[in-house]
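Structural overview for review
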Amino acid sequence: VDNWCTIESDPGVFTELIRNIGVKKVVVEEVYTLDDEDLLENLKPIYGLIFLFKWKKEPEKRECLEYYDDDLFFANQTIQNACATQAILSVLLNCPQIDIGPELENFRNFTKQFDSKTRGQVLTNSEVIRVVHNSFARPEPFDIVQDKKPSKGGDAFHFVGYVPFKGKLYELDGLQKGPILLGDIGDMDWLELAKKEINERTKFEATEIRFTLLAICEDKSAKATEENAKLTARLAHLYKKFKDLGGQIDPAQHPDAEELIKNVGNYIGDEKDELGSLEEVTKRITSLNAQVKSNNFIIKEEKGKVDKYEAENKRRRHNYIPFIIEMLRLSAKKGQMKGLVEEATAKREARLKAKQDAKEQGK
């Protein structure tokens, strides 16, 4: 099995990763705090959470389930560096409301009767998933013989997933023997139960602040686009009725009205819009156009975010080393290196002095 690379914990990376695997209408968003109710409300529906934390060589022992629902997908992690993708897939494969695409659908059906270790091995050997995962590898300008032994000084980080499933909340960690049942959800919002667990997890080391929390959510632009298609159909019939009732359409304010009326036969109406008076029809048209405008804003905002993600991911994949080496070579050739080094050294010393001065003032 080829190696799996380490990938950056970033919502843009994970959003593109799951889309390239074939998942539809889902995005990954960073959650800075679970205490911001407005933020969480704006992200809903949230299908699951991904939590990144510093991994310890001897992690705490957790109470794992040996027997659990046959429909709950759980797989052991069988290869290094796959935990991010595995945590994301653990959420996606336990959300029947998500269109996960043919690749993951076939994977889920194929591994349904397997034990967790075999599932993990099948996941590790998936060519499609591995290639998509490794497409986010940072470019290596030089051939380096990798030492398979982990470095002694570096910190290791790990991803786990939290997902509501059939009225219960589970923590899914591929390094554990089985799923971890966190409790019954009941009438509460499952995020409250997850918040309690994550807050406990972050207390294990008071000085450690390197945590990342990501939410797997519905793609708002896809939902807004679908809503606009329905609204457009309703507007077509309303504009026709408006005209039949003697209303005069202003092309400047309603530039698409005449085209919608012309093709009204292609749209299915809505019984909600069976209104009698011209005034009622006018109010409904105004209301629906306001909804379309609001959806268009969401679509534009989400497209800007996706465009930003795509640009950042291109930069991640690009190898800048040849450019840097050539720039240094030309600078040396022109005799500029000494001045550049002295300038950089001076800036570094100034930063260190400013940092030390701030530290002294804080005492």
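What you see is a predicted model; the values in this text were computed from it and never measured. (Residues numbered from 1 in each chain as written. Predicted model: local features only at pLDDT ≥ 70, side-chain atom pairs only at ≥ 80, totals over all residues. Heavy atoms only, no water.)

Quick word on the overall build of the chain
Each helix and strand in the chain was counted, giving twelve helices and six strands. Its C-alpha atoms give the chain a radius of gyration of 27 Å, clearly above 21 Å, the size a compact globule of 363 residues would have. Principal-axis analysis of the C-alpha atoms places the extent of the chain at approximately 80 × 65 × 50 Å. Within the chain, buried positions represent 38% of all 363 residues. Long-range contacts, defined here as pairs at least 24 residues apart, represent 76% of the contacts in the chain between residues at least 6 apart. Accessible area for the chain stands at about 22,700 Å²; split by element, carbon and sulfur atoms hold 52% of it. (Helix = DSSP H or I, 4+ residues; strand = E, 2+ residues; numbered from the N terminus. Rg over C-alpha atoms; globule rule 2.2 N^0.38 Å. Buried < 20%, exposed > 50% of the residue type's maximum accessible area, 1.4 Å probe, protein only. Contact = heavy atoms within 4.5 Å. Areas by Shrake-Rupley, 256 points an atom, 1.4 Å probe, with all protein chains shown as cover.)

A look at a nonpolar patch on the surface
Taken together, the side chains of Tyr-320, Phe-323, Ile-324, Met-327 and Leu-328 present a nonpolar region at the surface, about 480 Å² in accessible area. Secondary-structure assignment places Leu-328 in helix α11 (residues 321-333). Take Leu-328: its relative accessible area is 39%, and that puts it in the partly exposed class. (Patch = residues over 30% accessible without salt bridge, like charges linked within 9 Å, V, L, I, M, F, W, Y side chains within 5 Å. Salt bridge = Lys/Arg side-chain N within 4 Å of Asp/Glu carboxyl O.)

Describing the pairing of strand β1 (residues 26-30)
Judged by how many residues are buried, β1 sits mostly within the fold: four of five residues are covered. In terms of strand pairing, β1 meets strand β6 (residues 212-218) through five bridges, oriented antiparallel. Its bridge partner lying in β6, Val-27 is registered against Cys-217. (Pairing = 2+ DSSP bridges.)

A word on the packing of aromatic side chains
Counted under the stated rule, the structure contains five aromatic pairs. Aromatic side chains Phe-14 and Phe-159 sit 5.9 Å apart centroid to centroid with 85° between the ring planes, which places their arrangement in the edge-to-face category. Of this pair, Phe-14 sits in helix α1 (residues 11-21) while Phe-159 sits in strand β3 (residues 157-165), and the two are 145 residues apart along the sequence. With 5.6 Å between their ring centres and 25° between their planes, Phe-51 and Phe-53 make a pair best called stacked. Residue placement shows Arg-317 over the ring face of Phe-136; its charged tip is 4.4 Å from the ring centre. (Phe/Tyr/Trp six-rings, centres within 6.5 Å; stacked < 30°, edge-to-face > 60°. Lys NZ or Arg CZ within 6 Å of the ring centre and 35° of its normal.)

Comments concerning the pattern of salt bridges
Where charged atoms from two side chains of opposite charge come close, those side chains can pair. Inspection of every chain in the model, using the stated rule, returns 25 salt bridges. Residue Asp-71 is joined to Lys-112 by a salt bridge in which the shortest nitrogen-to-oxygen separation is 2.9 Å. Of the two residues, Asp-71 sits in the loop between β2 (46-54) and α3 (83-92) while Lys-112 sits in the loop between α4 (101-111) and α5 (116-124), which places them 41 residues apart along the sequence. Taking the relative accessible area as the measure of exposure, Asp-71 reaches 39% and is therefore partly exposed. One salt bridge connects Lys-303 with Asp-307, and the closest N-O pair in it is separated by 2.9 Å. Note that Lys-303 and Asp-307 are positioned in helix α10 (residues 278-317) at a spacing of four residues, about one turn of the helix. Given the relative accessible area of 51%, Lys-303 is considered exposed. Since its relative accessible area comes to 33%, Asp-307 is described here as partly exposed. Connected through shared salt-bridge partners, Asp-69, Asp-71, Lys-112 and Lys-166 make up one network.

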